[in-house]
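Here is how the chains run, residue by residue.
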Amino acid sequence: MYRNLRLVPQLIYGRGSINQLGDILTKQRTDAGSPVVFLIDAVHEKRAFIQKLPLRANDLVIFVDVGTEPKTQYVDELTERIKAFSNRQPDAIVGIGGGSAMDLAKSVSIMSTNPGSAADYQGWDLVKYPAIYHLGIPTLAGSGAEVSRTAVLTGPVKKLGINSDFTPFDQIIMDPDLIATVPPNQRFFTAMDCYIHSCESLQGTFINEFSRAFAESARNMCRDVFLSDCEDVVADERLMVASYFGGLSIAYSQVGICHALSYGLSYVLGVRHGVGNCIVFNQLKEYYGQDVREFQQMIRRNRIDLPSGVTKGIDEAGMNRMIDTALGLEPLWKNALGDDWKQRISRDKIRSLYVRM
Ligand code: NAD
Ligand code: ZN
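Residues numbered from 1 in each chain as written. Chains lettered and ligands numbered in written order. Predicted model: local features only at pLDDT ≥ 70, side-chain atom pairs only at ≥ 80, totals over all residues. Heavy atoms only, no water.

**Some thoughts on unusual backbone geometry**
Next up, step 1: The phi torsion at Asp-125 lies on the positive side, around 55°, for a residue other than glycine.
Next up, step 2: Relative to the helices and strands, Asp-125 is located in the loop between strand E5 (123-124) and strand E6 (134-138).
Next up, step 3: You can call Asp-125 partly exposed: its relative accessible area is 49%.
Next up, step 4: Of note in this structure, Arg-303 is not a glycine but carries a positive phi near 50°.
Next up, step 5: Tracing the backbone shows Arg-303 in the loop between helix H10 (285-301) and helix H11 (316-327). (Helix = DSSP H or I, 4+ residues; strand = E, 2+ residues; numbered from the N terminus. Buried < 20%, exposed > 50% of the residue type's maximum accessible area, 1.4 Å probe, protein only.)

This is the structure we're talking about:
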């Protein structure tokens, strides 16, 4: 059975395109009483573009805390806050920020129409009712969250996304002006998320011509940005497209070992996704040889400080939880190592990789 892929139906790409937000929202607004809710990464609170957002009297702006990656409990709190703000359902939820803020917006739009806690929907196709119209505006490029059918959340028992056909945004606005303020290390780590999406897709057993086209293109754009003297202006434009293409590639294939191990690091030690992927990928030469060598070249050329010793001092219970988290991601291992993946990877092998990080 082939996947019947649901894509983001509408997108705008280009510098200054955020200025079209007002026109887009006008079409979604029903009456003066219903709010539009803006969930905005708190890092943008003082930035000029916030002053120009097309707000109306009944709208609600929440600057979201992404100091840690999104948790199901936070999604539940935000959903409650929105319900308490107005007895009318919002006309739209707008998420502005990196993968974290965008995933919060996707999750809250689902939880506004579905009962229970966000933790109940971590998994595949568990969402029952369509989400509220939601619109994403990335301000950091690489996660692919703007295009994916998942909203990654850490819950009480696992880190796992809400994967469903109701998760993708109804509209995205990709404005490269918005990513100019990202600090260099963060910019690199999140861009490498895209590079690694592409490598894991290309090297996986699920690869097909559709995914290959997007992955190769995304990987080439990352090379342009980090291995050549690409002008900053062009680099930001390219990274934004690369992120989208990398996301599309894995939407029709899968990620692999790096992401499985990175989820373990994140769940147990709270290491963020972008940097966590880089820490893991750096140790995966025996699986992704040439790609890892190229990645290391990019690290050196861009003078990036990659943290080391992050698993140092972890106790046995913590190590086992990391291994369990990684091994729980069956589709990722299947993609990376094939149907007989359980014969090809052991707890000891995973442990030996983790201790090197
Ligand atoms: P992020 O959203 O967690 O943000 C990282 C840091 O960059 C934060 O401090 C944020 O405030 C800051 N930042 C964002 N935009 C900025 C800007 N323009 N200027 C200055 N600082 C800015 O990082 P990310 O790497 O984009 O996303 C990672 C998150 O996305 C994780 O929670 C991960 O699990 C999730 N993720 C989701 C998907 C998906 O398909 N849904 C895919 C990959 C990762
Ligand atoms: Zn990723």
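**Some remarks on the site of ligand 1**
Next up, step 1: In the vicinity of ligand 1 there are 29 residues, among which Gly-99, Ser-100, Ser-148, Thr-190 and Arg-272 approach most closely.
Next up, step 2: Ser-148 is positioned such that a nitrogen or oxygen atom in its side chain is 2.6 Å from an oxygen atom of ligand 1.
Next up, step 3: Thr-150 is positioned such that a nitrogen or oxygen atom in its backbone is 3.0 Å from a nitrogen atom of ligand 1.
Next up, step 4: Listed by contribution, the elements that provide at least two residues to the shell around ligand 1 are helix H4 (99-111), strand E7 (150-154) and helix H5 (184-202).
Next up, step 5: Per-element accounting of the shell around ligand 1 gives the leading share, four residues, to H4.
Next up, step 6: A per-class count over the shell around ligand 1 returns nine nonpolar, twelve polar and eight charged. (Near = heavy atom within 4 Å. Polar contact = N/O pair within 3.5 Å; in protein donor to acceptor, adjacent residues only side chain to side chain. Nonpolar A, V, L, I, M, F, W, Y, C, P; charged D, E, K, R; others polar.)

**Topic: the domain arrangement of the protein**
Next up, step 1: Partitioning the protein into domains gives domain 1 (10-179) and domain 2 (184-356).
Next up, step 2: Put simply, the middle of domain 1 and the middle of domain 2, counted by C-alpha atoms, are 25 Å apart.
Next up, step 3: Both sides of the domain 1 and domain 2 interface together cover about 2,200 Å² of buried area, and 62% of this is carbon and sulfur.
Next up, step 4: Counting the contacts that link domain 1 with domain 2 gives one salt bridge.
Next up, step 5: In this structure, the salt-bridge partner of Glu-237 is Arg-15, at a minimum N-O distance of 2.6 Å.
Next up, step 6: The interface formed by domain 1 and domain 2 holds 15 residue pairs in polar contact (both at pLDDT 80 or more) in total.
Next up, step 7: Going through the elements one at a time, strand E1 (10-13), E7, strand E8 (159-163) and strand E9 (171-174) are the ones with two or more residues in the side of domain 1 that touches domain 2.
Next up, step 8: In the side of domain 1 that touches domain 2, the residues fall into 15 nonpolar, eight polar and six charged. (Domains from an automatic or database assignment. Buried area = accessible area lost by both parts, 1.4 Å probe. Salt bridge = Lys/Arg side-chain N within 4 Å of Asp/Glu carboxyl O.)

**Remarks on the coordination of the zinc ion (ligand 2)**
Next up, step 1: On the protein side, the zinc ion (ligand 2) has Asp-193 (OD), His-197 (NE2), His-259 (NE2) and His-273 (NE2) as donor atoms, found 2.1 to 2.2 Å from it.
Next up, step 2: Around the zinc ion (ligand 2) sit four donor atoms; with metal-centred angles ranging over 85 to 169°, the donor geometry is irregular.
Next up, step 3: One chain supplies every donor to the zinc ion (ligand 2), and in sequence these donors are spaced D-x3-H-x61-H-x13-H. Here the residue Asp-193 occupies a position in helix H5, and His-273 occupies one in helix H9 (residues 273-281), the gap between them amounting to 80 residues. Both residues of the pair, Asp-193 and His-273, count as buried. (Donors = N, O, S within 2.8 Å, 3.2 Å for Na, K, Ca; no water. Tetrahedral: all angles 85-135°; square planar, octahedral: opposite > 155°, others 65-115°.)

**Considering the packing of aromatic side chains**
Aromatic rings in a pair are described by how distant their centres are and how their planes are angled relative to each other.
Next up, step 1: Taken as a whole and judged by the stated rule, the model has ten aromatic pairs.
Next up, step 2: Between Phe-281 and Phe-295, the aromatic rings sit 5.6 Å apart at their centres with planes inclined by 80°, giving edge-to-face as the arrangement. Remark: Phe-295 occurs in helix H10 and Phe-281 occurs in helix H9; sequence separation between them is 14 residues. In this structure, Phe-281 and Phe-295 share a single accessibility class: buried.
Next up, step 3: Taken together, the aromatic side chains of Phe-210, Phe-214, Tyr-244, Phe-245 and Tyr-252 make up a single cluster linked through ring pairs.
Next up, step 4: A cation over a ring is seen here: Lys-159 above Tyr-263, with NZ or CZ 4.7 Å from the ring centre. (Phe/Tyr/Trp six-rings, centres within 6.5 Å; stacked < 30°, edge-to-face > 60°. Lys NZ or Arg CZ within 6 Å of the ring centre and 35° of its normal.)

**Remarks on the packing of helix H8 (residues 257-269) against helix H14 (residues 347-355)**
A pair of packed helices is characterised by two quantities: the angle between their axes and the separation of those axes.
Next up, step 1: One way to put it is that H8 packs onto H14 with a least axis distance of 12 Å and a crossing angle of 65°. Between H8 and H14, the angle is such that the two are roughly perpendicular. Both H8 and H14 take part in a crossing whose hand is right-handed. Residues Ala-260, Leu-261, Gly-264 and Leu-265 of H8 touch H14, and the partners they reach there are Ile-350, Leu-353 and Tyr-354.
Next up, step 2: Classifying every residue of the contact of H8 with H14 by side-chain character gives six nonpolar, one polar and no charged. (Axes fitted to C-alpha atoms, helices over the stretch in contact; angles between N-to-C directions. Parallel < 35°, antiparallel > 145°, perpendicular 65-115°, else oblique. Left-handed = near helix turned anticlockwise from the far one by under 90°. Contact = heavy atoms within 4.5 Å.)

**Let's talk about the sheet that holds E1**
Next up, step 1: One open sheet holds the six strands; their spatial order is E1-E9-E6-E4-E2-E3, and the pairing between them is parallel. Each end of this open sheet is capped by a strand with a single partner; those strands are E1 and strand E3 (60-64). Put simply, the sheet's adjacent strands are angled 15° from each other on average, direction ignored.
Next up, step 2: Across five bridges, strand E2 (residues 36-41) lies against strand E4 (residues 92-97) in parallel orientation. Along E4, the bridge assignment pairs Val-36 with Ala-92.
Next up, step 3: Relative to the sheet, helix H1 (residues 21-28) contacts E1, E2, E4, E6 and E9, its axis offset from that of E6 by approximately 170°.
Next up, step 4: Across the sheet, H4 is in contact with E2, E3, E4 and E6; its angle to E4 comes to roughly 165°. (Pairing = 2+ DSSP bridges.)

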